Number of protein chains: 6
Amino acid sequence: MHLSALEKAEILVEALPYIKEFYGRTVVIKYGGAAMAKCDLKQKIMQDIVLMKYVGMNPIVVHGGGPEITQMLKRLGLKSEFVNGLRVTDRSTMEVVEMVLGGKVNKEIVAGLNANGGQAIGISGKDGSLIKARPVGDTAQMGYVGEVVQINPGIIETLIANNYIPVIAPIGIDENQDSYNINADLVASAIAAAMKADKLVLLTDVPGLLKDARDPSTLISVLKLSDVDQYIKDGTIAGGMLPKVDCCLEAVRAGVGRTHIIDGRVPHAILLEIFTKEGIGTMVVDE
Amino acid sequence: MHLSALEKAEILVEALPYIKEFYGRTVVIKYGGAAMAKCDLKQKIMQDIVLMKYVGMNPIVVHGGGPEITQMLKRLGLKSEFVNGLRVTDRSTMEVVEMVLGGKVNKEIVAGLNANGGQAIGISGKDGSLIKARPVGDTAQMGYVGEVVQINPGIIETLIANNYIPVIAPIGIDENQDSYNINADLVASAIAAAMKADKLVLLTDVPGLLKDARDPSTLISVLKLSDVDQYIKDGTIAGGMLPKVDCCLEAVRAGVGRTHIIDGRVPHAILLEIFTKEGIGTMVVDE
Amino acid sequence: MHLSALEKAEILVEALPYIKEFYGRTVVIKYGGAAMAKCDLKQKIMQDIVLMKYVGMNPIVVHGGGPEITQMLKRLGLKSEFVNGLRVTDRSTMEVVEMVLGGKVNKEIVAGLNANGGQAIGISGKDGSLIKARPVGDTAQMGYVGEVVQINPGIIETLIANNYIPVIAPIGIDENQDSYNINADLVASAIAAAMKADKLVLLTDVPGLLKDARDPSTLISVLKLSDVDQYIKDGTIAGGMLPKVDCCLEAVRAGVGRTHIIDGRVPHAILLEIFTKEGIGTMVVDE
Amino acid sequence: MHLSALEKAEILVEALPYIKEFYGRTVVIKYGGAAMAKCDLKQKIMQDIVLMKYVGMNPIVVHGGGPEITQMLKRLGLKSEFVNGLRVTDRSTMEVVEMVLGGKVNKEIVAGLNANGGQAIGISGKDGSLIKARPVGDTAQMGYVGEVVQINPGIIETLIANNYIPVIAPIGIDENQDSYNINADLVASAIAAAMKADKLVLLTDVPGLLKDARDPSTLISVLKLSDVDQYIKDGTIAGGMLPKVDCCLEAVRAGVGRTHIIDGRVPHAILLEIFTKEGIGTMVVDE
Amino acid sequence: MHLSALEKAEILVEALPYIKEFYGRTVVIKYGGAAMAKCDLKQKIMQDIVLMKYVGMNPIVVHGGGPEITQMLKRLGLKSEFVNGLRVTDRSTMEVVEMVLGGKVNKEIVAGLNANGGQAIGISGKDGSLIKARPVGDTAQMGYVGEVVQINPGIIETLIANNYIPVIAPIGIDENQDSYNINADLVASAIAAAMKADKLVLLTDVPGLLKDARDPSTLISVLKLSDVDQYIKDGTIAGGMLPKVDCCLEAVRAGVGRTHIIDGRVPHAILLEIFTKEGIGTMVVDE
Amino acid sequence: MHLSALEKAEILVEALPYIKEFYGRTVVIKYGGAAMAKCDLKQKIMQDIVLMKYVGMNPIVVHGGGPEITQMLKRLGLKSEFVNGLRVTDRSTMEVVEMVLGGKVNKEIVAGLNANGGQAIGISGKDGSLIKARPVGDTAQMGYVGEVVQINPGIIETLIANNYIPVIAPIGIDENQDSYNINADLVASAIAAAMKADKLVLLTDVPGLLKDARDPSTLISVLKLSDVDQYIKDGTIAGGMLPKVDCCLEAVRAGVGRTHIIDGRVPHAILLEIFTKEGIGTMVVDE
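Residues numbered from 1 in each chain as written. Chains lettered and ligands numbered in written order. Predicted model: local features only at pLDDT ≥ 70, side-chain atom pairs only at ≥ 80, totals over all residues. Heavy atoms only, no water.

The subject of this paragraph is the pairing of strand E1 (residues 26-31) of chain E. All names here are of chain E. Of all 6 residues that make up E1, 6 are buried, and the element is covered over most of its length. Here E1 shows a buried face lined by Thr26, Val28 and Lys30 and a second buried face lined by Val27, Ile29 and Tyr31. Of the strand pairs in this sheet, E1 and strand E2 (residues 58-63) are connected by 6 bridges, and their pairing is parallel. By the bridge assignment, Val27 is partnered in E2 with Pro59. Here E1 runs beside strand E11 (residues 199-204); their pairing, made up of 4 bridges, is parallel. Pairing of Val28 across the sheet is with Leu200, part of E11. (Buried < 20%, exposed > 50% of the residue type's maximum accessible area, 1.4 Å probe, protein only. Helix = DSSP H or I, 4+ residues; strand = E, 2+ residues; numbered from the N terminus. Pairing = 2+ DSSP bridges.)

Next comes the structure, spelled out in structure tokens:
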């Protein structure tokens, strides 16, 4: 594709209605999976987020980092064990989780955004006591796997008010100063709720919710709350999709305008969601 | 040209470095000529200016309106007379100038910007005593043809600080409350100087300064002050181009970053100037 | 009358209680009729409004301009036609209305206020999308005669917050960017309502509402809502007074503190209304 | 004199140029003498100062109180002794000075201003460490008679920024927390200098500086610095006028725009000075 | 006691939880009695209040001054007469009250706070019309003894917002500009209520409310509203303690967090109340 | 030592002059060595820093973490190699440095400060592009060992203005997005310079600069620039003390008020430095 400058200008102008619509809006993005692992996808996501900032939106990034954690545990001779999709997290595992998420993954995203012209600041849930957590499930078995008790959004508001892009590692802290490993989708949902965000976008490695998991053409574009039970019963919503749908519903109920499960493997997935009429992936709404 | 959503997203992202570069910058645009007369060009200019605002620039529009004035004078049975390219402006002509520029052209531009999602406010040099003027040349002959004595930019600053796009009719006022018809290029240049604008863009009906006026391929992309005298002597800068070059030089000397004479007949001329590496037309610099 | 400086000082001090009472108050003034046509009355009104600003009030001016429109239409060979007191406004008439109101009358008032030490800014209902309008009555017959659908007072608030006096031409705009000629009383009333003004003052060419239209001594100083029906039935409120009383009642119902129909032919009518205990003209109240 | 409402309105409007000229200006008023002692004069001064505030000026009042001090000393059986016009101030006298100035005179003025619609706050030089003082002359003989070492204007700026009228008792404090009785003219001059006031007005019991002290028609309207020496030599400036002229000159040299010695016995003396072209009394200028 | 620097640092750190707890809190202190009369106690109170300011609290001081008033009346040959514990206050007594409280006591406290590093401003209830009062009881008998009708807290808010410590003399004013002598406890309570203070502290000359007035070991640490009636019946709450308990209850009912009656004779009584777990004296709560 | 509440109050009040002196001051603390390794010392440092914040100072923490890095490298089977006291940092070592400093040490300090009542935010030099770095010395040999090119203090100013305590990991970034391991003393010095801090405190494991390294009684309390050369010649300043003295001198030359090398092994070392007259350790001054 070779376009003249004029053709490019036309396309910029085409984006104007979307830019106008989203001006001043807060968008929480859960960033993880293939979109984080593949270098070219990562670069495109960084560009998308910085662009969002420059055209007047307030993006907030929450990231995961499971594969990097697994890899580092392996290098240290520690084993990765999962129960119901949750990583069993004893104290030494938790230490590695914090180092990898807060010291490596978080700062790589920050550097990537800054390299593309953004002004990003990376924090974890410990900073400014952002994420108050508690253990989830059987502590003896699961260790420091946590869930969100409360979001204290002061530092996010400060960063946004000063034109920074907040990048958040999903680590919580309890009143004993113990750290917790929390699922990034849950954190993104809770932060979107606390910030009364206009949009929550969960980047995944699937095209969205599919009626037939093997057939992308069976994408459910809009998932209504009233249909959720049926879809769970018939197995359409299952496995890893269950908690994601849940995160979206929680956010919508807490006042978040729109929630989306989109395919992070698609280049510029976030821009496509925002700047095209149809959007991509599945939008979950509370109806 | 049919582009996929992805291709469009790529093009948006291509614009990011330019958006970043111009974020927060003030750009004064002299709007007139063919770009104002032709409906499709006009629509594109409106879009360009609103886009500039949404991606963080502060556009200020100064407009002309000669043809509309001539037409109204004709309808009223008044004759249009020119001396050295300046309209002889007696009191009844001045009344028509004010009505046409301030009541018709100015408000049409305002409505056009607002229809494209902007928040424009149209004023003349009388509002907030913005443009203090005095007669230029032989008053007995020329009447109320004026030049800028002083810009009082308070109202422009107020409008920009409140996210409005100022649209300015080039009418000045003297201490006796007499109105003056001032060339729009002069007003744009004086306002750019008073606002310490980063850029002044004069829209014209030519591709820029040409070595051979009949051959667009002889465009002088960068005109240095040091070359101006020679170009005047050899007739390269002549006719209507003379005062335009002058306006640019005055602005540059007063601290305006960049000044441009560009072809308003090119669709999206302003965006092309700003969002492409080469720019278009002639850039006048003080070297 | 020759007064010593001391006597003048005494009179200034007499005004203190009124100045104190109206400090920080918003007053919308519909300016039209004889007060606009006669040069000496006009100068006094300008002084009154500027004085209001300097002693801490926030005056907002809405002006008419019927005679100037009629005169210009005549010069252009267009006929002025009225149905039920409303000007039939086809597209070419509307163009003239806009030019005369927005380009001539509006800017003359601005210049007059500025010449008396004010800082006025003239806008129309197009600026900042201030007045959203729709056609009133039979479009085929009446053309672009409009009524107010919504006031978007952002620009007025911005101007007041920055110490400017807003001067507003009564032109509205609909979603198709069509302009409408709206009665200035209606616009003044709607703006007073939107701004929750403390006072609305309609300048007219009569002493107020008279029981006997030929006898000024029969002035009704206070008109209560509860008496309106009776006064309409018995013909006391009739003709041009009907819509004016209506405008006042609409404003009062929308929360405007006081509304007044006063005689613009009386020199310094506005000051007299504000700075004397009795006021002048008819005050319309919702009781 | 019986004036119609209209005639009164005309006079208000006459004041407009003066109101405009002094809008936002800071005026320090030394209040004392007959203007303080006589009930009707006092009331007029209160009105003048409140009016100044309402029409946009920032008046600052510094007051004396010699007669009240003398009277209270007498009631307490303490004698009043003067050397070169300065009150010998031992510790018990100083205690009385503070009580009378800070507790009685100061609060009476505050109440008077508030009763006329002002918002006055009374402080002494101890509050906010406003006036740093040191003894003047022979301490053994004169005791706690002080002069200004430094003005710390923070509290005055705070009060003005919050729309209050500061009323200041001329008491200073040194680093040992000892209080000093300072001449009110000196304090007014020092505060005018520290505030870069636009005007300093000293109210006195004479018409101004007279060539012939017995003949008011010999008033020197403008006293130039260059003439002061000669006037001192020939005895024109003598006695109590000497320190007053000095105060004015010090203020002018420190950047105060205008300084005036006026007759506080003239009703509305301050307004007359400000709102009439000629002013009253003697203006001292640094030429 | 000789402590090493380290031991002192430990103690500072011990205070941290209290500093944290009271950060940003507003505390109204009624200052009077022995704490005001004895030089060393006074110095300690000044230090306590300044320290409170520096560690982030907003102290507001309301002071009495009965003994100084009595002494000055005596020197002036005026007699002090009391009815039910209230000073009979005729016009000349009131004049002395104002001078002593506003001119002497108030400014001494201000100077004391400033000498310890504070920035205090002394005002009375006349300043900024802070305390609107009315006569209490039989005017003919009691004269200008007043009670609080309304607190107009604007000036206190201004002073606090600008980092000053307000020091308030308990003098009120009515609409006739008459001054009133008001009990300082009442004023402190009313100001605490108007400011929605977090704490009201009344300094007294007793250890608090005692079951047996002669035995300090019978201190009632917490007095509940529900027990008040019984304590009044059995004479535990009697004499001067009755109005103090009343002031506390009024404040608590108006939303003041905590109210305390403490022993001003204990050195650093205020700090002890705030910085120790047990506090001192009697806390009155609405339960 | 058992102290009464009163004795503790006295000690708080003793601190008042120091609190006053340091109110609003910015203090950069390099935190490392034994003060970081020992649990009880760490707790005391956390308390000191939080206390500083509550009494009005603006502490900024820069931390090291060498031992933790060495330990993690060992666990990962990577060797720690040093040349001239600098850690040879190849790419895999740098990755570990970032994880340990940014993900573990930094967040532990943040949690420690928050647990003591602070509001800390942990960032590295990547966040907000805070620390621009370049390689120091022979890249081939030393790898990613860096020095500070530029501090971009925007994020620190934002955090301080919003009452947070910034905690900074000494990692820099160059224009190729490569990370650098920078000595924490150097970073502390550069940040103190960029913030025009009032004080820079380097915590070490020695009592300060000693004339005889084995004899603490030979402490040099004040080290003047003019004596540095001599002390280097005679070996007094040597080894690890050389770069620390250098950091102090660089900071002083850049306008930092005071710089200190103190013994972090002393409990509450920072408070002792600030809150005692003599301070502790060695103060380095530019004389």
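Right, let's get into the packing of aromatic side chains. Summed over the entire model, instances satisfying the criterion amount to 18 aromatic pairs over all chains. Note on Tyr23 of chain C and Tyr54 of chain D: the rings are 5.1 Å apart at their centroids and 80° apart in plane angle, and the pair reads as edge-to-face. On the criterion of chain membership, the pair formed by Tyr23 of chain C in the loop between helix H2 (16-22) and strand E1 (26-31) and Tyr54 of chain D in helix H4 (residues 39-54) is interchain, its members lying in two chains. We classify Tyr23 of chain C as partly exposed; its relative accessible area is 38%. For Tyr54 of chain D, a relative accessible area of 14% puts it in the buried group. (Phe/Tyr/Trp six-rings, centres within 6.5 Å; stacked < 30°, edge-to-face > 60°.)

Chain F puts 35 residues into the contact, and the matching count from chain A is 35 residues. Among the residues chain F hides against chain A, the three largest losses belong to Arg75, Met99 and Lys107 of chain F. Together they make up 20% of the total. Counting the contacts that link chain F with chain A gives 4 salt bridges. Counting residues per element, the ones that place at least two in the side of chain F that touches chain A are helix H5 (66-75), helix H6 (91-115), strand E5 (120-124) and helix H8 (154-161) of chain F. Here the side of chain F that touches chain A gets 12 residues from one element, more than from any other, and that element is H6 of chain F. Considering only residue class, the side of chain F that touches chain A consists of 15 nonpolar, 13 polar and 7 charged. (Contact = heavy atoms within 4.5 Å. Buried area = accessible area lost by both parts, 1.4 Å probe. Salt bridge = Lys/Arg side-chain N within 4 Å of Asp/Glu carboxyl O. Nonpolar A, V, L, I, M, F, W, Y, C, P; charged D, E, K, R; others polar.)

All names here are of chain A. As for its position among the elements, Asn106 is in helix H6 (residues 91-115). We classify Asn106 as buried; its relative accessible area is 1%. In terms of polar contacts, Asn106 uses its side chain to reach the backbone carbonyl oxygen of Val167, at 3.1 Å. When neighbours within four sequence positions are excluded, Asn106 is seen to be in contact with His63, Leu101, Gly122, Ile123, Val167, Ile168 and Ala169. (Polar contact = N/O pair within 3.5 Å; in protein donor to acceptor, adjacent residues only side chain to side chain.)

With that settled, consider helix H6 (residues 91-115) of chain E. Residue and element names in this part refer to chain E. Its 25 residues give H6 an end-to-end C-alpha distance of 35 Å, which sits within 8% of 36 Å, the value for a rise of 1.5 Å per residue. Along H6, the sharpest kink reaches roughly 30°, centred on Leu101. Within H6, 20 of the 25 residues are buried, which leaves the element mostly enclosed by the surrounding structure. Gly117, located one to two residues past H6, shows a positive phi value of around 100°. (Expected span 1.5 Å × (residues − 1). Bend = angle between axes of the 7 residues up to and from the residue.)

On to the relation of the copies chain F and chain A, then. Expressed as a screw operation, the relation of chain F to chain A combines 0.0 Å of axial shift with a rotation of 180°, fitting to an RMSD of 0.0 Å. The operation mapping one copy onto its partner corresponds to a two-fold rotation axis. Relative to the rotation axis, the C-alpha of Gly103 of chain F is the closest in chain F, positioned 1.8 Å from it. Counting the interface residues of chain F, we find that 100% of their copies in chain A are interface residues as well, pointing to one common contact surface. (Least-squares fit on C-alpha atoms with pLDDT ≥ 70 in both.)

Residues and elements named next belong to chain E. Taken in spatial order, the 8 strands line up as E5-E8-E2-E1-E11-E13-E14-E12 in an open sheet, and their pairing is mixed. Strands at the two margins of the open sheet, each flanked by one partner only, are strand E5 (120-124) and strand E12 (222-224). Each strand axis lies, on average, 20° off the axis of its neighbour in the sheet, ignoring direction. Sheet strands touched by helix H4 (residues 39-54): E1, E2, strand E8 (165-169) and E11. Its angle to E1, the strand with the most contacts, is close to 170°. Sheet strands in contact with helix H8 (residues 154-161) are E2, E5 and E8, and its direction is about 150° off that of E8. (Axes fitted to C-alpha atoms, helices over the stretch in contact; angles between N-to-C directions.)

Let us look at the relation of the copies chain E and chain D. Rotating chain E by 180° and translating it 0.0 Å along the rotation axis places it on chain D, where the RMSD comes to 0.0 Å. By residue overlap, the copies meet face to face through one surface: 100% of the interface positions of chain E are interface positions in chain D.

All names here are of chain A. The strand order across the open sheet built from 8 strands is E5-E8-E2-E1-E11-E13-E14-E12, with neighbouring strands paired in mixed fashion. Edge strands, defined here as strands with exactly one partner in the open sheet, are strand E5 (120-124) and strand E12 (222-224). Here the average twist between neighbouring strands, direction ignored, is 20°. In this sheet, strand E8 (residues 165-169) lies alongside E5 in parallel orientation, the contact comprising 5 bridges. Counted as the bridge partner of Ile121 is Pro166 from E8.

Residue and element names in this part refer to chain C. Applying the stated criterion across every chain yields a total of 0 disulfides over all chains. Note on Cys248: no disulfide assigned, nearest cysteine sulfur contributed by Cys247 at a separation of 6.9 Å. The buried category is assigned to Cys248, whose relative accessible area is 0%. (Disulfide = S-S within 2.5 Å.)

Let us now look at the interface of chain E and chain D. If you look at the interface, chain E gives 35 residues, while chain D gives 35 residues. Where chain E abuts chain D, roughly 2,900 Å² becomes buried across the two surfaces, and 59% of that area is made up of carbon and sulfur atoms. Looking only at chain E, the three residues that lose the most surface to chain D are Arg75, Met99 and Lys107 of chain E, adding up to 20% of its buried area. Joining chain E to chain D, the criterion identifies 5 salt bridges. Among the ionic pairs, Glu95 of chain E bridges to Arg75 of chain D, the shortest N-O distance being 3.9 Å. Counting every contact that joins chain E to chain D gives 10 residue pairs in polar contact (both at pLDDT 80 or more).

For the rest of this paragraph, the subject is the packing of helix H4 (residues 39-54) of chain C against helix H6 (residues 91-115) of chain C. All names here are of chain C. Running from N to C, H4 and H6 cross one another at 65°; their axes reach a closest spacing of 9 Å. The way H4 lies across H6 gives a crossing that is right-handed. Contacts between H4 and H6 involve Lys42, Met46, Ile49 and Val50 from the first element and Glu108, Ile109, Gly112 and Leu113 from the second. Residues of the contact of H4 with H6, tallied by class, amount to 5 nonpolar, 1 polar and 2 charged. (Left-handed = near helix turned anticlockwise from the far one by under 90°.)

The closest approach of any C-alpha atom in chain B to one in chain E is 27 Å; the two make no contact. One thing to see here is that chain C and chain E don't touch, and their nearest C-alpha atoms sit 16 Å from each other.

Residue and element names in this part refer to chain B. Remark: helix H9 (residues 184-194) packs on helix H11 (residues 241-253), axes separated minimally by 8 Å, with the N-to-C direction vectors making an angle of 10°. The angle between the axes of H9 and H11 places the two elements in the roughly parallel class. Here Asp185, Leu186 and Ser189 of H9 come into contact with H11, specifically with Lys244, Cys247, Glu250 and Ala251. Considering only residue class, the contact of H9 with H11 consists of 3 nonpolar, 1 polar and 3 charged. (Parallel < 35°, antiparallel > 145°, perpendicular 65-115°, else oblique.)

Residues and elements named next belong to chain F. Extensive coverage of strand E2 (residues 58-63) is indicated by the burial of 6 of its 6 residues. Residues Asn58, Ile60 and Val62 line one face of E2 and the alternating positions Pro59, Val61 and His63 line the opposite face, and both faces are buried. Bridging between E2 and strand E8 (residues 165-169) involves 2 bridges; their strand directions are parallel. Directly across from Val61, in E8, lies its bridge partner Val167.

Taken as a whole and judged by the stated rule, the model has 85 salt bridges over all chains. A salt bridge links Arg214 of chain A to Asp212 of chain A, with the shortest nitrogen-to-oxygen separation between them at 3.3 Å. Asp212 of chain A gets classed as partly exposed once you look at its relative accessible area, which sits at 27%. Here Asp127 of chain B makes a salt bridge to Lys107 of chain C, at a shortest N to O gap of 2.6 Å. Here Lys107 of chain C lies in helix H6 and Asp127 of chain B lies in the loop between strand E5 (120-124) and strand E6 (131-135), a pairing that spans two chains. Residue class for Lys107 of chain C comes out buried when judged on its relative accessible area of 2%. Each of Lys42, Arg75, Lys104 and Glu108 of chain B together with Glu95 of chain C takes part in one network of salt bridges that share partners.

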